[in-house]
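The chain contents come next:
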Amino acid sequence: MDFRDARKTLEYAQKYKVSNVIQLVDQALRFDPSLFEVSISKAISYGLNHYLADLLRKQESLEELAEELKKVNLETMSGEIMKKCVKFFIEH
């Protein structure tokens, strides 16, 4: 899988609501983050729960996370992703 394949796969999986495909790409990104660059806001919008956790661990400041969250519709964010973000804010 290369950059274009991973991104297109995620877009189609979201469009057709195929959550198991999203989970497979999520796991592939954890093992090979070079597949493509994903920001925190993109990880949230794609629903990449595990990869988001890795990105949050690397996050250095609350301000950077706040800027990324401004790019996302918080109303549509899943409960699991919301918990990860809140946990990051509480721990820092």
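In this text, all values refer to a predicted model and were calculated from it rather than measured experimentally. (Residues numbered from 1 in each chain as written. Predicted model: local features only at pLDDT ≥ 70, side-chain atom pairs only at ≥ 80, totals over all residues. Heavy atoms only, no water.)

**Concerning the packing of helix 2 (residues 19-31) against helix 4 (residues 49-58)**
Keep this limit in mind: Angles here are taken between N-to-C directions and fall from 0 to 180 degrees, while the axes themselves are lines fitted to C-alpha atoms, restricted in helices to the stretch in contact. Strands here mean DSSP runs of E at least two residues long; helices mean DSSP runs of H or I at least four residues long; both are numbered from the N terminus. It only takes one pair of heavy atoms within 4.5 Å for two residues to be counted as in contact.
Between helix 2 and helix 4, whose axes approach to 7 Å, the crossing angle comes to 35°. Between helix 2 and helix 4, the contacting residues are Asp26, Leu29 and Arg30 on the first element and Asn49, His50, Tyr51 and Asp54 on the second.

**A short note on the layout of surface pockets**
As a reminder, the rule being used: The rule is simple: put a 1 Å grid over the protein atoms alone, call a set of points where a 1.4 Å probe fits but cannot get out a cavity, call an open set with protein on both sides within 12 Å along at least five of seven lines a pocket, and count a residue as lining if it has an atom within 4 Å of a point. Grid points are joined across faces, edges and corners, and a volume is the space filled by probe spheres set on the points. Each residue receives one of three labels: charged for Asp, Glu, Lys and Arg, nonpolar for Ala, Val, Leu, Ile, Met, Phe, Trp, Tyr, Cys and Pro, and polar for the others, Gly being one of them.
When its volume is computed, the largest pocket comes out at roughly 200 Å³. Along the walls of the largest pocket sit Ala53, Leu56, Arg57, Lys83, Lys84, Lys87, Phe88, Glu91 and His92, which together make up its complete lining. Sorting the residues of the lining of the largest pocket by element identifies helix 4 and helix 6 (79-91) as the ones contributing at least two each. The element contributing the most residues to the lining of the largest pocket is helix 6, with 5 residues. Split by residue class, the lining of the largest pocket holds 3 nonpolar, 1 polar and 5 charged.

**Looking at the UniProt feature "coiled-coil region" (unreviewed entry) in the protein**
Stated precisely, the cut-off is as follows: UniProt positions are given in the numbering used here, feature names are shortened, and annotations may be inferred rather than shown by experiment.
Feature annotation in UniProt assigns "coiled-coil region" (unreviewed entry) to the following positions: residues 48-75. Helix makes up 64% of residues 48-75 and strand 0%. Its end C-alpha atoms lie 17 Å apart.

**Remarks on the nonpolar core**
Counted only if it meets this: Within this scheme, the nonpolar core is defined by two criteria: the residues are buried Ala, Val, Leu, Ile, Met, Phe, Trp, Tyr or Cys, and they are joined through side-chain atoms within 4.5 Å. To sort residues, take the accessible area from a 1.4 Å probe on protein chains only and compare it with the maximum for the residue type: under 20% means buried, over 50% means exposed, and anything in between is partly exposed.
Core analysis: the biggest nonpolar cluster contains 25 residues, and Leu29, Phe36, Ile44 and Leu48 have the highest contact counts within it. Elements that contribute at least two residues to this core include exactly helix 1 (3-15), helix 2, helix 3 (40-46), helix 4, helix 5 (62-69) and helix 6. Non-local contacts of Ile44, meaning those with residues more than four positions away in its chain, are made with Leu52, Leu69, Val72, Met77, Ile81 and Cys85.

**A few points about helix 5**
Stated formally: Picture the helix axis, draw a direction to every C-beta atom, and the arc is the one those directions span.
Within the span of helix 5, buried status applies to Leu65, Glu68 and Leu69. Angularly, the buried residues of helix 5 cover 100° about the axis, an arc narrow enough to put them on a single face. Looking at the packing, one finds that the buried side of helix 5 touches helix 3, helix 4 and helix 6.

**Considerations on the packing of helix 5 against helix 6**
Note the following rule: When describing relative orientation, an angle under 35 degrees is termed roughly parallel and one over 145 degrees roughly antiparallel, while 65 to 115 degrees is termed roughly perpendicular and anything else oblique. Left-handed describes a crossing in which the near helix is turned anticlockwise from the far one by less than a right angle; the clockwise case is right-handed.
Between helix 5 and helix 6, whose axes approach to 11 Å, the crossing angle comes to 155°. If you check the angle between helix 5 and helix 6, you find them roughly antiparallel. Once helix 5 is placed against helix 6, the crossing between them reads as left-handed. Contacts between helix 5 and helix 6 involve Leu62, Leu65 and Leu69 on the former and, on the latter, Cys85, Phe88 and Phe89. For the contact of helix 5 with helix 6, the per-class residue count stands at 6 nonpolar, no polar and no charged.

**Digging into unusual backbone geometry**
At Lys17, a position not held by glycine, the phi torsion is positive, near 55°. The residue Lys17 is located in the loop between helix 1 and helix 2 in this model. On the basis of relative accessible area, Lys17 is assigned to the exposed category, the value being 72%.

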